[in-house]
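Chains, contacts and geometry: an overview
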Amino acid sequence: MGLQPSSAPAPLIEAGRPPPARRKMLRGEKRGLIIAAASSLAVLAVIILVAVIAPGSREVQQAFFSPHHLKGAALGTHSKDHVTPSVVAAFFTVTVKMFLIAEVLVLALALFLAVVRSIPGPVFFPFRVLAIAYIDFFRGIPLLLVMFIIAFGLPGMQLGFVSRLSQFTYGVIALTLVYSAYVAEVYRAGIESVHESQTAAARALGLSRWQALRHVVLPQAIRRVIPPLLNDFIGLQKDTALVAAIGLVEVVRTAQAYGTTFFNFAGLTVAAALFVAITIPLARFTDFLLVRQQRKMRASGGVR
Amino acid sequence: MRAPIDERPQTRNAEAVRLEGVHKSFDDLHVLKGIDLSVADHEVICLIGASGSGKSTMLRCVNLLETIDAGRIFVEGEEITAEGVDVNRIRQRIGIVFQAFNLFPHMTVMRNITLAPIKVRGLSRHDAETEAIELLRRFGLEDKRDEYPDRLSGGQQQRAAIVRALAMNPDIMLLDEVTSALDPELVAEVLNVIRGLAEIGMTMLIATHEMGFARDIADRVCFLEAGVILEQGPPEQIFTDPQSARTRQFLQRIIEAGRL
């Protein structure tokens, strides 16, 4: 990519292209711009029209977008009669924290599962079967059910400290169990996408099976699956909201608390905005990585 | 490359590799149908024959990248196809270079070369790099040490792959059509490297379609046809007075294609 021809050959190409063709191309570009602008304006007009003309639009505005309530829900209220916690604080101290902890655990457990599933040889047959069973099982059960089973099942089993963990920890466990099954499959796709000639080259140099996996296959596999991994991060970030169901006071519960205190839904708006504010940059970053990867693959002839 | 790497004796007595009745099938495809071959120390053997005749498979068997179905393979007197042989230890003595280079794309040239010396031979990073720099200098790649493979030309990549194999100090080198994936103008630089290896007495088994090169470098040429060595002998004999009709036919086609 850094080997683009410098300014020297450029004029040659320019000179070879007749001016009329250039004007034509510009005209086409302009036309596209005008159409895009007109279409955007039309769509915007419809949205505004629906939002303003709809019979309940004033009530909805008041219930969801009142500046006073948005501020109150976001930062919390401390009047004589009512004390409500801050939705923003709940988002960062519970939801984001849970996401970050679960993410690290998911990445590690999923990698372990994918590697176990990829180890060849008859000796490892039972381990492969266990890994496959785990992945099938936890991909098949809805996350909400896993949450309930963990949060209400583990305490009831009287397993010493395992039964005395916090709701937060149970939430992290449930998220990790389910998402590691998904992410393991992403890793596996990456491992299988590395051509076996890479393993052959590593083994031919005397590296053991494990060394070949560790130093040659996995680094290439992980690099390739970063975009789909980020995609699963976005899902995980959003699904942390499900821990509300097991009684943990997090961002959604805090928003609901504001709602029941003031009969106003602004808290939900704030919560939604917070999620979007976190996931949109992640999504754009994923797109960026994908585009860069495609460009790189084209540059190297698409072989790798 | 002209200067010898070391003064290895040019005597040919000890046996480097011996194949005895080697058979190999892939599912229904019987690729090797009883290969017998003895390679002396410092000998250079070129394997010629049509694609699919078993040249590559034979090399991969010698390096244990394929497990054979029948027969035995000895390297320096030790049976490597015996039960319980330490495969990784055997492979350290045998370097292999592939048609498609198979460099590790996520590592610089230097890391490609030093990975196995560090992980397998147990060298320190410093020692491994010192050795690698010496080899890179000899093969004209010292300025490429920090490049990634995709920034190198095909010829440079293949030379780097040869250096990577040499960094394990192998006694035997297996070269599997190492110039077949190269643009014609890049073939010579790789062939010159191999000539340099022959000059210093490296034992080599070379599968190749470059007949001129084979005639030039080989001590012995083996013509493979449908999984057996149909004919073998010194290059003058194989190329000028082949005994088998199939060998004559094969060489005739090569000549018609303008490759000899």
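Throughout what follows, the structure given in this document is the object of discussion. Within each chain, residue numbers correspond to sequence positions counted from 1 in written order. Starting at A for chains and at 1 for ligands, labels are handed out in the order in which the entities are written. Only residues with pLDDT of at least 70 are given local features in this predicted model, and only at 80 or more are side-chain atom pairs given and counted; all residues enter the totals for whole chains, interfaces and linings. Note: side-chain values were computed over all heavy atoms of the structure, leaving out hydrogens and water.

With that settled, consider the overall build of chain B. Along the backbone of chain B there are nine helices and 10 strands. In terms of overall size, chain B behaves like a compact globule, its C-alpha atoms giving a radius of gyration of 18 Å where 260 residues would be expected to give roughly 18 Å. In terms of principal-axis extent, the alpha carbons of chain B reach across some 55 × 45 × 40 Å. Residues counted as buried form 55% of the 260 residues belonging to chain B. In chain B, the share of contacts with a sequence separation of at least 24, taken over all contacts with a separation of at least 6, comes to 67%. Taken as a whole, chain B presents about 10,900 Å² of accessible surface, with 46% of it coming from carbon and sulfur. With 30 positive and 40 negative side-chain charges, chain B shows a spacing of 2 Å between the two charge centroids. Each helix is a run of H or I in the DSSP string that is no shorter than four residues. Each strand is a run of E no shorter than two, and both are numbered from the N terminus. When we talk radius of gyration, it's over C-alpha atoms, and the globule rule is simply 2.2 Å times the number of residues to the 0.38. To sort residues, take the accessible area from a 1.4 Å probe on protein chains only and compare it with the maximum for the residue type: under 20% means buried, over 50% means exposed, and anything in between is partly exposed. The contact definition used throughout considers only heavy atoms, calling two residues in contact when any of these lie within 4.5 Å. Surface accessibility follows the Shrake-Rupley procedure with a 1.4 Å probe radius. Residue values consider only the protein chains on display as shielding. Positive charge is attributed to Lys and Arg, negative charge to Asp and Glu, and no charge count is given to His or to the chain ends. Every charge is mapped to an atom, namely NZ of Lys, CZ of Arg, CG of Asp or CD of Glu.

Attention shifts here to the interface of chain A and chain B. Many authors give the size of an interface as the accessible area that is lost as the parts come together. At the interface, 21 residues of chain A touch 23 residues of chain B. The quantity reported as buried area is the accessible area (1.4 Å probe) lost by two parts once they are put together, taken as the sum for both. When chain A packs against chain B, close to 1,900 Å² is buried across both sides, 61% of that on carbon and sulfur atoms. Within this document, salt bridges are pairs made up of a side-chain nitrogen of Lys or Arg and a carboxyl oxygen of Asp or Glu, the two lying within 4 Å of each other. At the junction of chain A with chain B, the criterion picks out zero salt bridges. Breaking the side of chain A that touches chain B down by element, the ones donating at least two residues are helix H9 (196–204) and helix H10 (209–239) of chain A. In terms of residue count, H9(A) provides more of the side of chain A that touches chain B than any other element does, eight residues in total. Among the residues making up the side of chain A that touches chain B, the classes are represented as nine nonpolar, eight polar and four charged. Residue polarity is assigned by list, with Asp, Glu, Lys and Arg as charged and Ala, Val, Leu, Ile, Met, Phe, Trp, Tyr, Cys and Pro as nonpolar; anything else, Gly included, falls into the polar class.

So, about the environment of Gln157(B). Residues and elements named next belong to chain B. For Gln157, the location among the structural elements is in helix H5 (residues 154–166). Overall, Gln157 belongs to the buried group, its relative accessible area being 16%. Residues Gln157 and Leu186, spaced 29 residues apart in sequence, show a C-alpha to C-alpha distance of 11 Å. Setting aside residues no more than four positions away along its own chain, Gln157 makes contact with Phe101, Leu103, Pro149 and Leu152.

The subject of this paragraph is the packing of aromatic side chains. Residue and element names in this part refer to chain A. For Phe, Tyr and Trp, where Trp contributes only its six-membered ring, two rings pair if their centres lie within 6.5 Å, and the inter-plane angle classes them as stacked under 30 degrees, edge-to-face over 60, or tilted in between. A complete count under the given rule lists 13 aromatic pairs over all chains for this structure. When the centroid spacing of 6.4 Å and the interplanar angle of 45 degrees are considered together, the rings of Phe64 and Phe65 count as tilted. Between Phe285 and Phe288, the aromatic rings sit 6.3 Å apart at their centres with planes inclined by 25 degrees, giving stacked as the arrangement. Of this pair, Phe285 and Phe288 both sit in helix H12 (residues 266–299), three residues apart, which is roughly one turn of that helix. Overall, Phe288 belongs to the partly exposed group, its relative accessible area being 46%. Ring pairs connect the aromatic residues Phe64, Phe65 and Phe265, which therefore count as one cluster. A cation over an aromatic ring shows up here: Lys97 above the ring of Phe168, its NZ or CZ 5.1 Å from the ring centre. Over a ring means this: the NZ of a Lys or the CZ of an Arg is within 6 Å of the ring centre and within 35 degrees of the ring normal.

Turning next to the sheet that holds strand S10 (residues 228–233) of chain B. All names here are of chain B. When DSSP finds two or more bridges between two strands, those strands count as paired. Reading across the sheet, the six strands line up as S6-S7-S8-S3-S9-S10 and stay open at both edges, with mixed pairing between neighbours. Only two strands of the sheet have a single partner each, and these edge strands are strand S6 (94–97) and S10. Adjacent strand axes in the sheet meet at a mean angle of 20 degrees, parallel and antiparallel pairs treated alike. In this structure, strand S9 (residues 220–225) lies alongside S10, joined through five bridges in antiparallel fashion. Each residue of the ladder has a partner; that of Leu224, found in S10, is Ile229. Lines are fitted to the C-alpha atoms to define the axes, a helix being fitted only along its stretch in contact, and any angle between axes, read from their N-to-C directions, falls within 0 to 180 degrees. Running at roughly 150 degrees to strand S7 (residues 172–176), helix H1 (residues 55–62) makes contact with strand S3 (44–48), S6, S7, strand S8 (203–207) and S9 of the sheet. The strands that helix H9 (residues 245–256) touches are S3, S9 and S10; relative to S9, the one it contacts most, it runs at about 95 degrees.

Quick look at the pairing of S8(B) now. Residues and elements named next belong to chain B. Counting buried residues along S8, five of its five residues qualify, which places the element largely inside the surrounding structure. The alternating pattern of S8 places Thr203, Leu205 and Ala207 and Met204 and Ile206 on opposite faces, both of which are buried. Looking at chain direction, S3 and S8 are connected through four bridges and run parallel. In the strand pairing of S8, Cys46 is matched with Ile206. Where S7 meets S8, five bridges bridge the pair, whose relative direction is parallel. Bridged to Leu174 within S8 is Leu205. If you view a crossover with the strands going away from you and the path from the first strand over the helix to the second runs clockwise, you call it right-handed. For the segment spanning S7, helix H6 (residues 184–199) and S8, crossover handedness is right-handed.

The next point concerns helix H4 (residues 67–75) of chain A. It helps to recall that an α-helix has 3.6 residues per turn; residues three or four apart then point in one direction. Taken together, the buried positions of H4(A) are occupied by His69(A), Gly72(A), Ala73(A) and Ala74(A). Positioned one or two residues after H4(A), Gly76(A) has a phi angle of 90 degrees, which is positive.

This part takes up the sheet that holds strand S5 (residues 78–79) of chain B. Pairing between the strands of a sheet comes from backbone hydrogen bonds, and it takes one of two forms, parallel or antiparallel. All names here are of chain B. Reading across from one edge, S2-S1-S4-S5 is the order of the four strands in this open sheet, with antiparallel pairing throughout. Edge strands, defined here as strands with exactly one partner in the open sheet, are strand S2 (29–40) and S5. When strand S4 (residues 70–75) meets S5, the two strands line up antiparallel, connected through two bridges. When the bridges of S5 are listed, Val75 appears paired with Glu78.

All names here are of chain B. A pair of cysteine sulfur atoms is labelled a disulfide when the two atoms are within 2.5 Å. Scanning the entire structure with this criterion turns up zero disulfides over all chains. Cys46 forms no disulfide, and the closest cysteine sulfur to it belongs to Cys222, at a distance of 9.1 Å. Judged by its relative accessible area of 0%, Cys46 is buried. Among the cysteines around Cys61, which has no disulfide bond, Cys222 carries the closest sulfur, lying 15 Å off.

Limitation: the analysis is restricted to geometry and does not speak to function.
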